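Working through the structure, step by step
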Amino acid sequence: MRFVYLDYAATTPVEPEVVEAMRPYFTEKFGNPSSVYTLGQEIRAAVDQSRRVVADFLGAKSKEILFTSCATESINSAIKGVAEAKGREGGRLKLINGQPPHIITSAFEHHAVLHTCQHLQRLGFEVTYLPVNSDGIIKACDVESAIKEQTILVAIMYVNNEIGTIQPISEISKAVKEKNKNVVFFTDAVQGAGYLDCQVDSLGVDMLALAGHKIYAPKGIGVLYVRSRTPWIPQQDGGGQEYRSRAGTENVPYIIGLAKAVELLKKDQEELGKKITQLRDKLVDGVLRNVPNSHLNGSRENRVPNIASFSIEGVEGESVLLMLDRQGIYVSTGSACSSGTLEPSHVLTALGLSPETAHGSLRFSLGRHTSPEDMDYVLEVLPPIIQRLREMSPTKQI
Ligand SMILES: *Cc1c(COP(=O)(O)O)cnc(C)c1O
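The text that follows walks through the structure, step by step, so that each part is easy to find. (Residues numbered from 1 in each chain as written. Predicted model: local features only at pLDDT ≥ 70, side-chain atom pairs only at ≥ 80, totals over all residues. Heavy atoms only, no water.)

For the rest of this paragraph, the subject is the overall build of the protein chain. Helices and strands together make up the secondary structure of the protein chain, namely 13 helices and 14 strands. In terms of overall dimensions, the protein chain is globule-like: its C-alpha atoms have a radius of gyration of 22 Å, near the 21 Å expected for 398 residues. Once local pairs closer than 6 in sequence are excluded, the contacts in the protein chain between residues at least 24 apart make up 74%. Approximately 16,800 Å² of the protein chain is accessible, and the part contributed by carbon and sulfur atoms is 51%. In the protein chain, the 42 positive side-chain charges and the 46 negative ones have mean positions that sit 4 Å from each other. (Helix = DSSP H or I, 4+ residues; strand = E, 2+ residues; numbered from the N terminus. Rg over C-alpha atoms; globule rule 2.2 N^0.38 Å. Contact = heavy atoms within 4.5 Å. Areas by Shrake-Rupley, 256 points an atom, 1.4 Å probe, with all protein chains shown as cover. Lys, Arg positive; Asp, Glu negative; His and termini not counted. Charge placed at Lys NZ, Arg CZ, Asp CG, Glu CD.)

So, in structure tokens, the structure goes:
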């Protein structure tokens, strides 16, 4: 049977070159970078070099790059660290003009952001969850008008992981800073890193998070960028690693692997983007043409090359997923993190989809190893599956 992996937004395979680059750091180059003897120093030099590669990818300074265990950690650390630095004083909430410190985010962020904000709400912070239009794009003017004197942080994602729409981050950050220059701007750039410009100055961000396993490095490694002089308090205490900003012995092999993955990206990001855009367009056109009553979720134009999410009326996304699985095709409904629950995706409901329509959603995310034949296979297998499921569900005749 043919196997077609179309869930690159959930995780990517590790590239063989990345595995090769990592391998010696498990065995002969196993030293601790904090050790002062030669073996330690050799490892330190390799970690420093990796940090330069990532810093260069982001247009940042080396000392602004922290390696973490995943994007979720980076996000928690960024948001809670700013909340602590700007929103707390003398062991309690720091009121600004008698008001609690305020955070702005969007309703369709990843749960790592949403649940961190909810945690802070329980501590007394005020959080605004900005609504999203049906095109899946946050408007800079909406962010701007939500800013108050007591706003300390804005967290808006670069690319939405479920529908793939790109947020106008430079425009938003500019509007935010013009209204209140003391506001810290954070972006979750996990899904942008593979295809879009991630230079922090052109994005105008103070903090940014990346995940290794969405860009062909292993799971268990992430990046947090913190612009110099950003008011932020590290959230992991211990040894002095990572400029005293993220304690814990460095995950050396994974840091080396992440840098290798970033180097590979730099080499062919543009070319890859073009190739994948073509494949995705073939998929989108094919699905919309051959599956009646199917819709693309979010703007057709403002999207990352590799993600396409559809609402298919009259079917359950889960059932389609399972039937595709039997044909060797791997996709997701909503985000991987929310499967296993019966709640409709918060992203799709934020776009204004009804819970029933949201339940009929299917996300295809393409990647480095996706081929035109993979798209042909999906377009051959999917329409009859939808037809069969609709026939089996007499109450949902479309
Ligand atoms: C995958 C993902 C994360 C979380 O990454 P982890 O590796 O699970 O920590 C955060 N944000 C977005 C947009 C993602 O796609």
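Attention now moves to the sheet that holds strand β5 (residues 102-106). In a beta sheet, neighbouring strands pair by backbone hydrogen bonds and run either parallel or antiparallel. Here seven strands make up an open sheet; going across it, the order is β2-β10-β9-β8-β7-β5-β6 and the pairing mixed. Where the open sheet ends on each side, the last strands, each with one partner, are β2 (65-68) and β6 (126-130). Taken pair by pair, the neighbouring strands of this sheet meet at an average axis angle of 20°, ignoring direction. As paired elements, strand β7 (residues 151-155) and strand β8 (residues 184-188) share three bridges and run parallel to each other. Note that in β8 the partner of Ala155 across the bridge is Phe186. (Pairing = 2+ DSSP bridges. Axes fitted to C-alpha atoms, helices over the stretch in contact; angles between N-to-C directions.)

Bringing the side chain of Lys214 into the picture now. Along the chain, Lys214 falls in the loop between β9 (207-211) and β10 (222-226). Of the side chains with opposite charge, Asp188 lies nearest to the buried Lys214, which makes no salt bridge, at 7.5 Å. Ignoring sequence-local partners within four residues, the contact set of Lys214 consists of Ala9, Ala10, Thr12, Val190 and Gln191. (Buried < 20%, exposed > 50% of the residue type's maximum accessible area, 1.4 Å probe, protein only. Salt bridge = Lys/Arg side-chain N within 4 Å of Asp/Glu carboxyl O.)

Ranked by size, the top nonpolar core spans 101 residues in total, and within it Leu58, Phe364 and Leu382 carry the most contacts. In terms of residue count, the dominant contributor to this core is helix α9 (residues 252-290) (15 residues). Looking at which domains feed residues into this core, each of domain 1 (4-12 + 268-392) and domain 2 (16-263) supplies at least three. Setting aside chain neighbours within four positions, we find Leu382 in contact with Val287, Val291, Val320, Leu324, Leu362 and Phe364. Ranked by size, the runner-up nonpolar core spans 23 residues in total, among them Ile103, Leu120, Val127 and Val184. (Core = buried A, V, L, I, M, F, W, Y, C linked by side-chain atoms within 4.5 Å. Domains from an automatic or database assignment.)

Attention now moves to the packing of helix α10 (residues 317-326) against helix α13 (residues 372-392). Interaxial distance between α10 and α13 falls to 10 Å at its minimum, and their mutual angle equals 130°. Considered as vectors, α10 and α13 are oriented oblique to each other. For the pair α10 and α13, the crossing hand works out as right-handed. Contact residues: α10 offers Ser319, Val320, Met323 and Leu324, while α13 offers Val381, Leu382, Ile385, Ile386, Arg388 and Leu389. Per-class residue counts for the contact of α10 with α13 are eight nonpolar, one polar and one charged. (Parallel < 35°, antiparallel > 145°, perpendicular 65-115°, else oblique. Left-handed = near helix turned anticlockwise from the far one by under 90°. Nonpolar A, V, L, I, M, F, W, Y, C, P; charged D, E, K, R; others polar.)

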